[in-house]
Amino acid sequence: MDEQALLGLNPNADARYRQRAMAYFEQLKESQDAWEVCAEALAKGIYNDDHVKFFCFQVLEHQIKFRHAGLSGVQQQLIRETLMKWLQCQLMNAHPEKPFIRNKAAQVFALTFVMEYLTLWPKFFFDVLSLVGLNPHGVDIYLRTLMAIDAEVVDRDILHPPEATRRNTLIKDGMREQCIPHLVESWFQILQTYQQSHPELTCQCLEVVGAYVSWIDLNLIANDRFVNLLLSQMSVEELREEACDCLFEIVNKGMDPVDKTKLVESLCRVLQSAGFFNVEQEEDVDFLAKFSRLVNGMGQSLVLSWTKLSKTGNVKETAETLQAVEAKVPLMLQLLVHEDDDISANIVSFCYEYLHVLKQLPQLTDQQKTSIEAIMLAVMKKLTYDDEYNFENEGEDEAMFVEYRKQLKMLLDRLAQVSPELLLEAVRRVFNNSIWQTAPFMEVEVAIRLLYMLGEALPASHGAHFSGDTAKTSALQDMMRTLVACGVSGYQHSSVSLEFFETVVRYDKFFLVEPQHIPNVLMAFLDHRGLRHNSPKVRSRVAYLFSRFVKTLHKHMNAFIEDILTRIQDLLELAPPENGFPAMLTSDDQLFMFETAGVLIVNGESPVERKQALMRSLLLPLMDAFRLLLAKMQQETEEERQTVLGDCLSHAIGFASRTSKAFSNKQTVKQCGCTEVYRDCLQTFLPALSCPVQRGVLRSSVRSFLHRMIICMEEEVLPFIPAASEHMLKDCEAKDLQEFIPLISQITAKFKRQVSPFLQQVFMPLVLAIFEVLGRPAEENDQAAALEKQMLRRSYFTFIQTITGSGMNEVMANQGESLSGVDTDATQLFFSSSVLLKNLFFDPSGGKDGMVGFPDFIYKHIVPACFLAPLKPTFDLSDAQTVLIFFFLFETRRSFNKRLFLYQGPEFIQFLQHEYLPSLQVSPEISQELCQVVQQPDIKVLKNYIKVRFTFKSFNDIMTS
């Protein structure tokens, strides 16, 4: 072997040696027989360096995995001999190889087994077991190999191609017939022999049993001899967790429901008699987590058996299985309420499915009702935060508790389905027993949280929790009345504050029933308890919740509107980056505040003049700040400062835009007298389009504002569109145009013929800008640039379709442009647009000519596009979508041809046969054929002609011959 190259295998080697090692590795992989030196090195133990050993196994692995079928019989025999000699060496070594080498060796053994077991090496396991015996080093390799075989043949998480799946099925069938009983016996001997001296081998063996039990005969494992051995190992500290996992896999094996019930019950009796059900006496939480998982598996298995049996009508077996499920409930409750959340979480699935069983029963017994109440109490207790939860800096532990809370919420929802009355009463009892001012925060938070969760657990249409069922309505109203009156809104803990406001907004319909509570809750939102809370997290969330609260209840706030606007005025200030003070709210939070202010102004009962004055006082500070910051940014030379100022300007535009969301069909901008204010905003913001710096962010913000103004201001916005468009079409990028086209499309669809002169004016500049961007050179492998161009093409043709769909034929009639470089989807858009154009311009009631000059436009642009589109390199007939376009194209062409033929008579055929087709060097014979087919009224004739006469290659040949 190349000793110099092997030096590069060391992780600390320099780049030159590592590169040489990689080259040597590729050389050995590709060589027909050079890999044999690696086999010899492994068989004879020539190298002591671990990295060289690993390297040799990698080379061998490559040969087996990718070139096994091409090896000669002698070479395949060499691989088998190499592996057995290496294994024999392990038996004699004083110390085992490093784990990563043993794992790689096991993978190579497993690959060899998969390739040869069915044909060349049917005695694989007999050979390995006869060599290994009970030697610890050999047993280790044997067990690792079994797990590697499981990964290659059995593991359902690994996707295999159909051929490999069939092969794996044959391997499992062969193993069941030939060697599984011997393997199971070897496992028993290993478990029995090494449980004291080599616990790590015993754990490995337990893992193997758990992996294989899913597809072998269960009777080989689920017998007194094996189960008793497993139970004895559950009392050994080093083995108990793996033994638990092994029993879980046994219980989880699919089988007949009656047999499954018997198996689970038998196992439970043995576990209970051995004292494992005494959970409170167990201190090892890691073991209890495994045990909880085992109990969960047993419970789920019994529930599944009950479900299957209940469908068969077997009353006796069904009742016995339900009784077996009920017998596990006390143990389930012990584990569910355990102080360790991992232990509790592992039993939640059984608890959930048990409740699903109760939901299906016609009537609940007193004992079952008691169980339901116990589950409720357990869930309520486990929902509680502990002292160690870090609210200010949430990490992994906190994230895990949040996920665990979601599981508990699922239980609560299921409890509501089983017995809503019991749940409502239990929550009410907890809520009413809370000592709001002095209790620990976690008790207060969970009491409010339970009330909040009832909103989903006891669903109501559109949040109407306070109408309908009197008992439910009365209980919820009592709790909400207590919540808003007990002073808990001032509790000094962020979790309680958040839960208070979340609950108030979830039950905002309560304030429609009892509006007298609105002032107190409004003050809580506005002062140090809410928007001015010392926690940024609380302030941020409250800004959003306040917006929702106002949207629902604004009709009840007329008396407070101006007071609210005054109190939040400082929260509506545009925070300039140079003031040095941290803002109370982020810019995203301020969006909600501006929307809230807009809702209050627009929906108030003030006169129009007062609404106008309030809206101007809201937006004027934004406009003033915008002018100052825009001027400052244009003078700024530092890029970082430009970025900060650009973002601030973008926020100002976004805030103004957000206020417009308050308007509706019932309360329009014009009706509220706010047209002039927003016109002033437009005049203030549009100069930003000509700003030479931060162009992208400013253009995007102004475009968004224009979208809103088109909706709100109606035709009042139109005078601003031409100048804005002119600026936005200068120095464009693909993304700019992609975002600009929807704006023009929106204007087109909304105002139609009203903007026809503008569209005629902007159409060609827009087209030229698009094709200028499309024509810019880009690197061949720049996929992002290619995708941007493709999306731009599609946007363009969507725009064309919008114009035609809006009935503005005059915009297109005077335009001409070439169609080049279009992708498949864009081609379809163009031709569908063309069909619309054809319907618009050929007016059957207006004479044969329709619009003056349009047939000439068809001759010059549409007809050539129909013939030339298939010649584009992107027109790939191996693609199914392109084939559809191909036929769609010819159908479009035939549709045009039919109209032209109908109205233009022989002139069109004359144009095709004697002008256009000859210009493409199409032979007279083919021209005549095409013209005859074009005149056929049945599209099937054209399609059949295309299928028979044209392939993609022949079409190109015909059109270029």
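Quick note: structure is the one above.
Sequence order sets the numbering: in each chain, residues are counted from 1 along the sequence as written. Local features are withheld for residues below a pLDDT of 70 in this predicted model, meaning they are given only at 70 or higher, and side-chain atom pairs are given and counted only at 80 or more; totals for whole chains, interfaces and linings count all residues. Hydrogens and waters are ignored; side-chain quantities use all the structure's heavy atoms.

(A) Examining the overall build of the protein more closely. Here a helix means four or more residues in a row that DSSP labels H or I, a strand means two or more in a row labelled E, and each is numbered from the N terminus. What the protein contains, in helices and strands, is 46 helices and zero strands. Here the term buried applies to any residue with accessible area under 20% of the maximum for its type, exposed to any over 50%, and partly exposed to those in between, with areas from a 1.4 Å probe on protein chains only. Of all 961 residues assigned to the protein, the portion counted as buried reaches 52%. Counting contacts in the protein only where the partners sit at least 6 residues apart, residues at least 24 apart contribute 73% of the total. Carbon and sulfur atoms form 52% of the exposed surface of the protein, whose accessible area is close to 44,400 Å². The contact definition used throughout considers only heavy atoms, calling two residues in contact when any of these lie within 4.5 Å. Only the protein chains shown count as cover for residues, and all accessible areas are computed by the Shrake-Rupley method using a 1.4 Å probe.

(B) Highlighting the packing of aromatic side chains. Each Phe, Tyr or Trp ring, with Trp reduced to its six-membered ring, pairs with another whose centre is within 6.5 Å; inter-plane angles below 30 degrees give stacked pairs, above 60 give edge-to-face pairs, and intermediate values give tilted ones. All told, the structure shown has 35 aromatic pairs when counted by the stated rule. With centroids separated by 5.5 Å and ring planes inclined at 40°, the aromatic side chains of Tyr212 and Trp215 adopt a geometry described as tilted. Judged by its relative accessible area of 0%, Tyr212 is buried. Aromatic rings pair up to connect Phe466, Phe500, Phe501, Tyr507, Phe510, Phe511, Phe525, Phe546 and Phe549 into one cluster. A ring is scored as having a charge over it whenever the NZ atom of a lysine or the CZ atom of an arginine sits within 6 Å of its centre and within 35 degrees of its normal. Here the basic side chain of Lys123 rests over the ring of Phe126, its NZ or CZ set 5.6 Å away from the ring centre. Taking the ring centre of Tyr385 as reference, the NZ or CZ of Arg405 above it sits at 4.3 Å.

(C) Here's a closer look at the nonpolar core. Of all hydrophobic cores here, the largest spans 286 residues; its most connected members are Met175, Trp187 and Phe291. Of all the elements, helix H23 (residues 441-457) adds the most residues to this core, at twelve residues. With sequence-adjacent residues up to four places away left out, Trp187 is seen in contact with Tyr142, Leu146, Cys205, Val208, Val209, Tyr212, Ile216, Ile221 and Phe226. The definition of a nonpolar core used throughout is a set of buried Ala, Val, Leu, Ile, Met, Phe, Trp, Tyr and Cys residues joined through side-chain atoms within 4.5 Å.

(D) Inspection of the environment of Ser700 at higher detail. Looking at the secondary structure, you find Ser700 in helix H34 (residues 695-713). You can call Ser700 partly exposed: its relative accessible area is 27%.

(E) A look at empty space enclosed by the protein. Buriedness for pockets is judged along seven lines, at least five of which must meet protein on both sides within 12 Å for an open set on the 1 Å grid over protein atoms alone, while cavities are sets there where a 1.4 Å probe fits but cannot get out, and lining residues have an atom within 4 Å of a point. Grid points are joined across faces, edges and corners, and a volume is the space filled by probe spheres set on the points. This structure, assessed with the given rule, holds two cavities of 30 Å³ or more. Considered as a void within the structure, the second largest cavity measures approximately 40 Å³ in volume. Per-class residue counts for the lining of the second largest cavity are six nonpolar, one polar and no charged. Polar here means any residue other than Ala, Val, Leu, Ile, Met, Phe, Trp, Tyr, Cys and Pro, which are nonpolar, and Asp, Glu, Lys and Arg, which are charged; Gly is therefore polar.

(F) Highlighting the pattern of salt bridges. Each reported salt bridge corresponds to a side-chain nitrogen of Lys or Arg within 4 Å of a carboxyl oxygen of Asp or Glu. The final tally for this structure, using the stated rule, is 47 salt bridges. Where Asp173 meets Arg176, a salt bridge forms, and the shortest distance between an N and an O atom there is 2.8 Å. A residue pair is termed a helical-turn pair when its members lie 3 or 4 positions apart in one helix, as Asp173 and Arg176 do in helix H9 (residues 162-178) at three residues. Residue class for Asp173 comes out partly exposed when judged on its relative accessible area of 33%. Note that Arg776 is salt-bridged to Glu733, the shortest N-O span being 3.3 Å. In this pair, Arg776 is assigned in the loop between helix H37 (756-774) and helix H38 (783-805) and Glu733 in the loop between helix H35 (721-728) and helix H36 (734-751), connecting sequence segments 43 residues apart. With relative accessibility at 27%, the residue Arg776 sits in the partly exposed group. Among the ionic contacts, a cluster of salt bridges with common partners joins Asp50, Lys53, Glu97 and Lys98.

(G) Seen up close, the layout of surface pockets. Considered as a void within the structure, the largest pocket measures approximately 550 Å³ in volume. Around the largest pocket, the lining comprises 26 residues; the ones closest to its centre are Tyr385, Arg405, Glu445, Arg449 and Glu499. If you list the elements that add at least two residues to the lining of the largest pocket, you get helix H21 (396-418), H23, helix H25 (494-506) and helix H28 (536-553). Considering every element that reaches the lining of the largest pocket, the biggest residue donor is H25, with six residues. Among the residues making up the lining of the largest pocket, the classes are represented as ten nonpolar, three polar and 13 charged.

(H) Molecular detail of the side chain of Lys260. Of note, Lys260 is situated in helix H14 (residues 257-273). Under the counting rule used here, the positive set is Lys and Arg, the negative set is Asp and Glu, and His together with the chain ends is not counted. Buried charge Lys260 goes without a salt bridge, the closest partner of opposite sign being Asp256 at 10 Å. Side-chain polar atoms of Lys260 contact the backbone oxygen of Val251, separated by 3.0 Å. Ignoring any residue separated from it by four or fewer positions in sequence, one finds Lys260 in contact with Val251, Asn252, Lys253, Met255, Ser301 and Ser305. Think of a polar contact as two N or O atoms within 3.5 Å of one another; within protein, one of them needs to be a possible hydrogen donor and the other a possible acceptor, and neighboring residues in sequence only count if both atoms come from side chains.

(I) Structural detail: the packing of H34 against H36. At their nearest, the axes of H34 and H36 sit 11 Å apart, and the two run at 10° to each other. Here H34 is positioned roughly parallel relative to H36, judged by the angle of their axes. Mapping the contact onto sequence places Arg699, Ser700, Arg703, Leu706, His707, Ile710 and Ile711 in H34 and Asp736, Glu739, Phe740, Pro742, Leu743, Gln746, Ile747, Lys750 and Phe751 in H36. Along the lines of polarity and charge, the residues of the contact of H34 with H36 split into eight nonpolar, three polar and five charged. As a rule, the C-alpha atoms of each element are fitted with a line to give its axis, helices using only the stretch in contact, and angles between N-to-C directions run from 0 to 180 degrees. For classification purposes, an angle smaller than 35 degrees is called roughly parallel, one larger than 145 roughly antiparallel, one from 65 to 115 roughly perpendicular, and anything else oblique.

(J) Geometry of the packing of helix H31 (residues 608-635) against helix H33 (residues 675-685). Closest axis-to-axis distance for the H31/H33 pair is 10 Å, and the angle between their directions is 5°. On the basis of their axis angle, the class for H31 and H33 is roughly parallel. Only Glu676, Val677, Tyr678, Asp680, Cys681, Thr684 and Phe685 of H33 make contact with H31, whose side of the interface consists of Gln612, Met615, Arg616, Leu619, Met623, Phe626 and Arg627. Partitioning the contact of H31 with H33 into residue classes produces eight nonpolar, two polar and four charged.

So yeah, pure geometry; function would need other evidence.
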